[in-house]
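# Structural features, examined
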Amino acid sequence: MTDLSVLALVGVILALILVYAIRLRAVPMPTSAKAANEIIAYIPNDTRAVTDFGSGWGDMALAIARARPDIKVTGIELSPIPYAISRMRSILAATPNLDFIRADYRSLDRDPGDVVVCFVDPRAMEDIGDVLSQRMASGGIVLSRAFAVPGWQAFGEVPMKTGNDRLYLYRIGSHKPGIVA
Ligand SMILES: C[S@@+](CC[C@H](N)C(=O)[O-])C[C@H]1O[C@@H](n2cnc3c(N)ncnc32)[C@H](O)[C@@H]1O
């Protein structure tokens, strides 16, 4: 491979990351191991399946899969480069309970399981709220780092020890004011 073709390949990769970040209005910023552990502590013991909405490079999903081998973890990511890297990381990490799907979580017709984690962008939260209201069963837990779901009522709002973010905790069924599961 010549220097020029390496440069062209790097350019295409960076351009793809940028185009998807603009299109999805979300930068693939990973969750650190410390922040992931804080979030994992809120996943209930009897959880069977967790979905990471917008799994980026796979950091959060990998951390959950390693910490909780009893849980089936799925990351959904549309941006092709972060998705491909997360797939490679899961193969290298040999985590049989972890899977990644390349899709738009807004249109993927799939049961997200008992718990959804997300760390996306304030502009994405209304769509996430709509999708989860339709697809998650009553009793499901949503853990949203940094951004609240508009119109939803959190049962917990925890300042994270790592950084300045808050973690918003919702329970489907009592996530809207006036509704009690
Ligand atoms: C800040 S990153 C979070 C990465 C990961 N959840 C973590 O905590 O390590 C947000 C990711 O959401 C993805 N994303 C945004 N909108 C999406 C959509 N509609 N469908 C799938 N992925 C989406 C972006 O491409 C980006 O990689």
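Residues numbered from 1 in each chain as written. Predicted model: local features only at pLDDT ≥ 70, side-chain atom pairs only at ≥ 80, totals over all residues.

Running from N to C, helix α2 (residues 33-40) and helix α3 (residues 59-67) cross one another at 60 degrees; their axes reach a closest spacing of 10 Å. Between α2 and α3, the crossing angle belongs to the class labelled oblique. Along this stretch, α2 crosses α3, giving a crossing that reads as right-handed. Side by side, α2 and α3 meet where Ala-33, Ala-36 and Ile-40 of the first sit next to Asp-59, Met-60, Ala-63, Ile-64 and Ala-67 of the second. A per-class count over the contact of α2 with α3 returns seven nonpolar, no polar and one charged. (Axes fitted to C-alpha atoms, helices over the stretch in contact; angles between N-to-C directions. Helix = DSSP H or I, 4+ residues; strand = E, 2+ residues; numbered from the N terminus. Parallel < 35°, antiparallel > 145°, perpendicular 65-115°, else oblique. Left-handed = near helix turned anticlockwise from the far one by under 90°. Contact = placed C-beta atoms within 7 Å. Nonpolar A, V, L, I, M, F, W, Y, C, P; charged D, E, K, R; others polar.)

Moving on to the environment of Ile-40. Here Ile-40 is to be found in helix α2. Along the backbone, Ile-40 and Ile-64 are 24 residues apart, and their C-alpha atoms lie at a distance of 6.4 Å. For Ile-40, the contacting residues outside a window of four places in its chain are Ala-63, Ile-64, Ala-67 and Arg-68.

Below, the discussion takes up the sheet that holds strand β6 (residues 156-159). In space, the seven strands of this open sheet follow the order β3-β2-β1-β4-β5-β7-β6, with mixed pairing throughout. Lying at the two open borders of the sheet, with one neighbouring strand each, are β3 (98-102) and β6. For this sheet the average axis-to-axis angle between neighbouring strands, irrespective of direction, equals 20 degrees. As defined by bridge partners, strand β5 (residues 141-145) adjoins strand β7 (residues 166-171) across five bridges and the pair is classed as antiparallel. Paired with Leu-143 across the two strands is Leu-169, which belongs to β7. (Pairing = 2+ DSSP bridges.)

All right, on to the nonpolar core then. The biggest cluster of nonpolar side chains holds 34 residues, and the ones touching the most others in it are Val-116 and Val-117. Elements with a minimum of two residues in this core: α2, β1 (49-53), α3, β2 (72-77), β4 (115-118), α5 (125-135), β5 and β7. The element contributing the most residues to this core is α3, with six residues. (Core = buried A, V, L, I, M, F, W, Y, C linked by C-beta atoms within 7 Å. Buried ≥ 20, exposed ≤ 12 C-beta atoms within 10 Å, placed from the backbone.)

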